[in-house]
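Okay, here's what each chain looks like letter by letter:
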Amino acid sequence: MTGAPHESILSEALLRRIKRNSRRLAVEAMRSMESQLPFVTSLDASQRADVQMVVQTAVANFVDWLHDPDGDIFSTVEAFRVVPQDLTRKVRLSETVEMVRVAMEFFEKWLPLMARDDDQLVALTEAVLRYGRDLGFAAAAVYASAAESRGAWDTRLEAMVVDAIVRGDTGPAMLSQAATLNWQPSAPVTVLVGAPAIDYSGEAVERVHALARADGRSVLAVVQGYRLVVVVSGEVFTGGTFISGLLDSFDDGPVVVGSTVPGLALAHESAVEALRGYQSAVGWPAAPRPVPASDLLPERALIGDRSALDELGRIVVTPLLDSGGGLPETLDSYLDAGGSIEACARELYVHPNTVRYRLRKITTVTGRDPTDARDAYVLRVAFSVHRMMKAGVRILTPATSVTLSP
């Protein structure tokens, strides 16, 4: 059909009459929807008003469409272009299709009653059927556009929230933005940092989101320059297949996991640990993947991470100094002797069994075994930085030596 349909049949008087009755028809169509579609009755007054406005405008614009049915339906049915920007977030596309169907069934029944003869009846019936089809396509296109726009906005908002977490700007504004992304502020949070997989550089964030959905977790993920920052709800190492799948979104290099904190307001603490660990992980080539930031305390301390320095003092230095019994001296002698108990005993003028007893005591007090190469390194660095700080040696802090920016 080209041009105005049955232009000589559908008189201007008839078209004006349809347009004048658009409000009454919209009200009746709304009642028909309420009686047939249960979800319509659950809409609040404002939402029902939005729906009625869409329907009324669609009826009025039906007359304009009759003059040019081959024109652009999107420029004619403004109701589906302007009014429902908020409505598209309240009513699903499938529900909108159902409302369009019921409304057009109503129009098919009542609009032809305005016809004066059989020719007008046929013309109106054909026009309503075609208009209903075009209207349905218009609604679908609007929802697709809204979904695309919402997706782009969510991506920008997600980046803003992660950036705020990294900066430590975890106030009410950030929590409100995260709530918009359906994040529960009180949920436990863990932050991971690593390089995004090269093969998935454009898809890393999407893959992380898909994994989180499958595991029933909330997640925020952003690629910041050379690193992928993932903020996930819950503990990571209890995730089983989740963490193994998550690693596929990262490159083959180190992936560092910060500690799990009680809520999003404290996520900056986990982020700092993960970021410092990622910056210093190159110092431990044999580190597991993923590696907890707490296992990188000596490397983090060497780049001036204040929290790592404090933690080494709390779990290593202070307990050994408080224990006495020659434990610090035994540790120094044992490490200087290259792990030889006999050489250490000679240096201290004690029996080798005394050295063995003290080494076991050091393990009990600190949780680190001096006979293990990695634990010995942790113990050595802990006391080295302690002595330097005690002597007044200036250890660079992250504020002057390291930046969190990409």
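- The name recorded for the protein in an unreviewed UniProt entry is PucR family transcriptional regulator, from Tomitella fengzijianii.
- Entered under Sequence similarities (unreviewed entry) in the UniProt record, the comment concerning the protein runs "Belongs to the CdaR family."

Focus: the overall build of the protein
Right, so step 1: Helix and strand counts for the protein come out as 19 helices and five strands.
Right, so step 2: A total of 406 residues make up the protein; the buried ones form 46% of that total.
Right, so step 3: Partitioning the intrachain contacts of the protein with sequence separation of at least 6 by distance along the chain shows that 70% fall at a separation of at least 24.

A short note on the packing of aromatic side chains
Right, so step 1: If you walk through the whole model with that rule in mind, you get one aromatic pair.
Right, so step 2: The interplanar angle of 20 degrees and the centroid separation of 6.3 Å between the aromatic rings of Tyr 226 and Tyr 278 together place this pair among those described as stacked. Taken together, the positions of Tyr 226 in the loop between strand 2 (219–224) and strand 3 (227–233) and Tyr 278 in helix 12 (residues 267–280) put the pair 52 residues apart, joining distant regions of the chain.
Right, so step 3: Its relative accessible area of 16% is what places Tyr 278 among the buried residues.

Here's the deal with the pairing of strand 4 (residues 250–257)
Right, so step 1: As judged from the four bridges shared by strand 1 (residues 189–196) and strand 4, these two strands associate in the antiparallel manner. Looking at strand 4, one finds that Val 193 is bridged to Val 256.
Right, so step 2: The pairing of strand 4 with strand 5 (residues 291–292) spans two bridges and is parallel. Directly across from Val 256, in strand 5, lies its bridge partner Val 291.

A look at the sheet that holds strand 1
Right, so step 1: Taking strand neighbours across the sheet as the criterion, the five strands line up as 2-3-1-4-5 in an open arrangement whose pairing is mixed. A single partner strand is all that each edge strand has here, and the edge strands are strand 2 and strand 5.
Right, so step 2: Strands in contact with helix 10 (residues 204–214) are strand 1, strand 2 and strand 3; relative to strand 2, the strand with the most contacts, it is inclined by about 165 degrees.
Right, so step 3: Running over the sheet, helix 12 touches strand 1, strand 3 and strand 4 and is turned about 30 degrees from strand 1.

Brief notes about the environment of Gly 339
Right, so step 1: Mapped onto the elements, Gly 339 comes out in the loop between helix 15 (327–336) and helix 16 (341–348).
Right, so step 2: Residues Gly 339 and Ala 376, 37 residues apart in the sequence, show an inter-C-alpha distance of 9.2 Å.

Brief notes about the pairing of strand 2
Right, so step 1: With five of its six residues buried, strand 2 lies for the most part within the structure.
Right, so step 2: For strand 2 and strand 3, the ladder comprises six bridges, and the chain directions are antiparallel. For Gln 224, the partnering residue across the bridge sits in strand 3 and is Arg 227.
Right, so step 3: Counted between consecutive antiparallel strands, the loop separating strand 2 from strand 3 contains two residues, among which Gly 225 sits at a positive phi close to 65 degrees.

Criteria and thresholds
- Residues numbered from 1 in each chain as written.
- Predicted model: local features only at pLDDT ≥ 70, side-chain atom pairs only at ≥ 80, totals over all residues.
- Heavy atoms only, no water.
- UniProt positions renumbered as here; feature names shortened; annotations may be inferred.
- Helix = DSSP H or I, 4+ residues; strand = E, 2+ residues; numbered from the N terminus.
- Buried < 20%, exposed > 50% of the residue type's maximum accessible area, 1.4 Å probe, protein only.
- Contact = heavy atoms within 4.5 Å.
- Phe/Tyr/Trp six-rings, centres within 6.5 Å; stacked < 30°, edge-to-face > 60°.
- Pairing = 2+ DSSP bridges.
- Axes fitted to C-alpha atoms, helices over the stretch in contact; angles between N-to-C directions.

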